[in-house]
Amino acid sequence: YQFTAPMDGTYYVAMSFTPTTLPGKTGPAQWLYKNGSALKELGINYSSDRFETTTGVYILALDAGDYIEQRYTNYNNVTVVFDRARGFFGGFLIG
């Protein structure tokens with residue numbers, strides 16, 4: 001998912017996911033990208049359970065036209081299921 005800033009400002013950005021993976025396996029991580037470059041890795045799922053939620057909240061200075069996006073990396077090639085019922089990506093202008 002991607003968001004493009006309509007104006008210069010400070011933005012509150014939140015993103016989360018709960019992957020389904022095999023118990024006890026190193027699973028996926030989510031990343032926050034800005035203008036095509038990695039900004040933050042938001043956690044790796046080292047869960048002993050099948051579900052573990054990873055959430056990141058950030059305050060970012062964005063210029064008009066800057067874009068941010070949520071991406072995923074699967075570190076061990078296990079089957080992973082993502083759906084929007086178990087995660088979100090959003091934000092808003094705060095100043």
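Calculation criteria
Along each chain, the written sequence defines residue order, and numbers are assigned to residues from 1. Local features in this predicted model are restricted to residues whose pLDDT is 70 or higher, and side-chain atom pairs enter the listing and the counts only when it is 80 or higher, whereas totals over whole chains, interfaces and linings include all residues. Computation of side-chain values: all heavy atoms of the structure, hydrogens and water removed. Secondary structure elements follow DSSP: runs of H or I no shorter than four residues count as helices, runs of E no shorter than two count as strands, and numbering proceeds from the N terminus. Only protein chains enter the accessibility calculation, which uses a 1.4 Å probe; a residue whose area is less than 20% of its type maximum is buried, one above 50% is exposed, and one in between is partly exposed. Residues count as neighbours in contact if any of their non-hydrogen atoms are within 4.5 Å of one another. Only the protein chains shown count as covering a residue, and every accessible area follows the Shrake-Rupley method with a 1.4 Å probe. Any pair of nitrogen or oxygen atoms within 3.5 Å is treated as a polar contact; in protein, a donor-acceptor pairing is required on top of that, and neighbouring residues in sequence qualify only through side-chain atoms on both sides. Note on terminology: a nonpolar core comprises buried Ala, Val, Leu, Ile, Met, Phe, Trp, Tyr and Cys residues joined through side-chain atoms within 4.5 Å. Surface patches are defined over residues having more than 30% relative accessible area and no salt bridge, joining like charges when they lie within 9 Å and nonpolar side chains (Val, Leu, Ile, Met, Phe, Trp, Tyr) when within 5 Å. Within this document, salt bridges are pairs made up of a side-chain nitrogen of Lys or Arg and a carboxyl oxygen of Asp or Glu, the two lying within 4 Å of each other. Note on pairing: two strands pair once DSSP finds at least 2 bridges between them. Think of each axis as a best-fit line through the C-alpha atoms, taken over the contacting stretch in the case of a helix, with angles from 0 to 180 degrees between the N-to-C directions. Whether two aromatic rings pair depends on their centres lying within 6.5 Å, for rings of Phe, Tyr and Trp, where Trp uses its six-membered ring; planes under 30 degrees apart make the pair stacked, over 60 edge-to-face, and the rest tilted. Two thresholds decide whether a charge sits over a ring: the Lys NZ or Arg CZ must be within 6 Å of the ring centre and within 35 degrees of the ring normal.

A.B. asks: Could you clarify how one ought to interpret the overall build of the protein chain in this entry?
C.D. replies: Across its full length, the protein chain holds zero helices and seven strands. When the elements of the protein chain are put in sequence order from the N terminus, they spell out β-β-β-β-β-β-β. Burial analysis of the protein chain (95 residues in total) assigns 35% to the buried set. Sequence-distant contacts, at least 24 apart, represent 76% of the contacts inside the protein chain between residues at least 6 apart. Carbon together with sulfur atoms contributes 53% to the accessible area of the protein chain, which is approximately 5300 Å² in total.

A.B. asks: What should I look at first to understand the side chain of Glu69 in this one?
C.D. replies: If you trace the backbone, Glu69 turns up in strand 6 (residues 67–74). Given the relative accessible area of 12%, Glu69 is considered buried. Among the polar contacts listed, one links the side chain of Glu69 to the side chain of Arg71, at a separation of 3.0 Å. Once you skip the residues sitting within four places of it in the chain, Glu69 turns out to touch Tyr1, Gln2, Trp31, Leu32, Tyr33, Gly36 and Phe89.

A.B. asks: Would you mind showing me how to read the nonpolar core here?
C.D. replies: Nonpolar side chains tend to gather and get buried jointly when the protein is soluble and globular. The biggest cluster of nonpolar side chains holds 10 residues, and these are Ala5, Tyr11, Val13, Met15, Leu32, Leu42, Leu60, Leu62, Ile68 and Phe89. Put simply, the parts of the chain that give this core at least two residues each are strand 2 (9–17) and strand 5 (54–62). Among the elements that take part in this core, strand 2 stands out by supplying three residues, more than any other.

A.B. asks: What exactly am I supposed to notice about a nonpolar patch on the surface here?
C.D. replies: Residues Ile59, Phe92 and Ile94 make up a contiguous nonpolar surface patch of roughly 310 Å² in combined accessible area. The class for Phe92 is partly exposed, based on a relative accessible area of 47%.

A.B. asks: Honestly, the sheet that holds strand 5 in this entry has me stumped. Any pointers?
C.D. replies: Pairing between the strands of a sheet comes from backbone hydrogen bonds, and it takes one of two forms, parallel or antiparallel. Read across the open sheet, the three strands follow the order 5-2-7; overall the sheet is antiparallel. Whereas interior strands pair on both sides, the edge strands pair on one side only; in this sheet they are strand 5 and strand 7 (87–93). Recorded for the sheet is a direction-independent mean angle of 15 degrees between the axes of neighbouring strands. Pairing between strand 2 and strand 7: seven bridges, direction antiparallel. In the strand pairing of strand 7, Ala14 is matched with Gly90.

A.B. asks: Can you walk me through the pattern of salt bridges in this structure?
C.D. replies: Should their charged atoms come close, side chains of opposite charge can pair. Scanning the entire structure with this criterion turns up one salt bridge. Ionic pairing is found between Arg71 and Glu69, a salt bridge with its closest N-O pair at 3.0 Å.

A.B. asks: Is there a simple way to explain the packing of aromatic side chains in this structure?
C.D. replies: How two aromatic rings sit relative to each other is set out by the distance from centre to centre and by the angle between their planes. Under the counting rule described, the total for this entry stands at two aromatic pairs. Between Tyr12 and Phe92, the aromatic rings sit 4.9 Å apart at their centres with planes inclined by 20 degrees, giving stacked as the arrangement. In this pair, Tyr12 is assigned in strand 2 and Phe92 in strand 7, connecting sequence segments 80 residues apart. Overall, Tyr12 belongs to the partly exposed group, its relative accessible area being 28%. Geometry around Tyr33 places Arg71 over its ring, the cationic atom sitting 3.8 Å from the centre.

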